[in-house]
Amino acid sequence: MRYGRLILAAAAGGVYLSLMYINPYGGVISLSEMTLQLSGSRGTFVLGFSTSELMSFSMRLLPAFLFELYAGIRLYRHFCTASIYVFSRYPRRVKWYLQEAGRLAGEVCLFQLFLLLSALLVTVIRWELQVDQAGIALLLYHFLIQSLWIYIMALAVNLCAVYIGSSAAYGIVICAQMVCIVLFYLADLTARNSEGLSVSRFLIWNPLAHLVLGWHGSGIKAVNGVLEPQWMGADLNHSLLLFAILAIILTAVGACIVKNHELLVSDSERSVA
């Protein structure tokens, strides 16, 4: 039942993204254009810095936000309910935690897979979809980068919840992402008002900017032909590696927390210790 609800939510998210944000000119869309629109582009135009564009980008993240709410809070509550049995009878806390983290990673991939499949299906029904080589590569990058980011955020909700409770943890994680989006606008404003400064100098340090495929470059000639790397200058492989490293670091931090934190006597969800 849990996976059934997860797949249903992912399918609904894909339908939402396709209906709202995949809108080609003339009724024909390439796979590369479709993927870029999923990550922020408007038609053939890369994501800009106007208020309406940034609001639209934040709304594209709504399915991910909902998954982070579901997965992050569920995982922490599972820690609480399972802790008495696991930590009293099964002393290998880290092994148990890594199994839970692996299960979370699998759920993220399942969610993202069905979200993209449903978005593709709706696009094929509504428009004429042309599959191109760049589109296949971009879709794979989009799947991997988005999956890693959602995993990082869902795990961050869980680990913060150990100390401040699940609701507060989710609020902090979502607010942090919204602040990153606001910083897109501030980066552009600063660059336009400062001689010799490029917006790419600011965007490269903003983790959420690495979700916008159109701001990247690529060593693959076909892919680079549909991108505008002057906005940020990062290679798609660099963003993928960055998120992979962050995911590993956060997973390791979580292992240290689970190993040392006394969930048996501390439950932030009920504010007791």
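Predicted model, so just to flag it, every value in this text is computed and none were measured.

Here's the deal with the packing of aromatic side chains
- Within the structure shown, the criterion is met by seven aromatic pairs.
- For the pair Trp149 and Phe243, a centre-to-centre distance of 5.2 Å together with 35 degrees between the ring planes defines the contact as tilted. Here the residue Trp149 occupies a position in helix H6 (residues 133-164), and Phe243 occupies one in helix H10 (residues 236-260), the gap between them amounting to 94 residues.

Examining the environment of Val253
- Tracing the backbone shows Val253 in helix H10.
- The partly exposed category is assigned to Val253, whose relative accessible area is 38%.
- Sequence separation between Val253 and Leu159 is 94 residues; the distance between their C-alpha atoms is 8.8 Å.

Description of the side chain of His216
- Positionally, His216 belongs in the loop between helix H8 (199-203) and helix H9 (221-224).
- You can call His216 buried: its relative accessible area is 0%.
- A polar atom in the side chain of His216 sits 2.9 Å from the backbone oxygen of Val212.
- At a separation of 2.6 Å, a polar atom in the side chain of His216 contacts the side chain of Ser239.

A word on the environment of Ser118
- Examined against the element boundaries, Ser118 turns out to sit in helix H5 (residues 93-126).
- Dropping the residues within four chain positions of it, Ser118 is found in contact with Ala10, Ala11, Gly14 and Val15.

Thoughts on a nonpolar patch on the surface
- Together, Val179, Val182, Leu183, Tyr185 and Leu186 make up an exposed nonpolar region whose accessible area comes to about 410 Å².
- By secondary structure assignment, the location of Val179 is in helix H7 (residues 166-192).

Thoughts on the pattern of salt bridges
- If you walk through the whole model with that rule in mind, you get three salt bridges.
- With a shortest N-O distance of 2.7 Å, Arg42 and Glu53 are connected by a salt bridge. Linking Arg42 in the loop between helix H2 (31-38) and helix H3 (51-60) with Glu53 in helix H3, this pair joins segments that are eleven residues apart in sequence.
- The partner of Arg103 in a salt bridge is Glu100, with the nearest N and O atoms 2.8 Å apart. Separated by three residues within a single helix, Arg103 and Glu100 lie in helix H5, roughly one turn from each other.
- Judged by its relative accessible area of 6%, Glu100 falls in the buried class.

Each value, and the rule that gives it
Residues numbered from 1 in each chain as written. Predicted model: local features only at pLDDT ≥ 70, side-chain atom pairs only at ≥ 80, totals over all residues. Heavy atoms only, no water. Phe/Tyr/Trp six-rings, centres within 6.5 Å; stacked < 30°, edge-to-face > 60°. Helix = DSSP H or I, 4+ residues; strand = E, 2+ residues; numbered from the N terminus. Buried < 20%, exposed > 50% of the residue type's maximum accessible area, 1.4 Å probe, protein only. Polar contact = N/O pair within 3.5 Å; in protein donor to acceptor, adjacent residues only side chain to side chain. Contact = heavy atoms within 4.5 Å. Patch = residues over 30% accessible without salt bridge, like charges linked within 9 Å, V, L, I, M, F, W, Y side chains within 5 Å. Areas by Shrake-Rupley, 256 points an atom, 1.4 Å probe, with all protein chains shown as cover. Salt bridge = Lys/Arg side-chain N within 4 Å of Asp/Glu carboxyl O.

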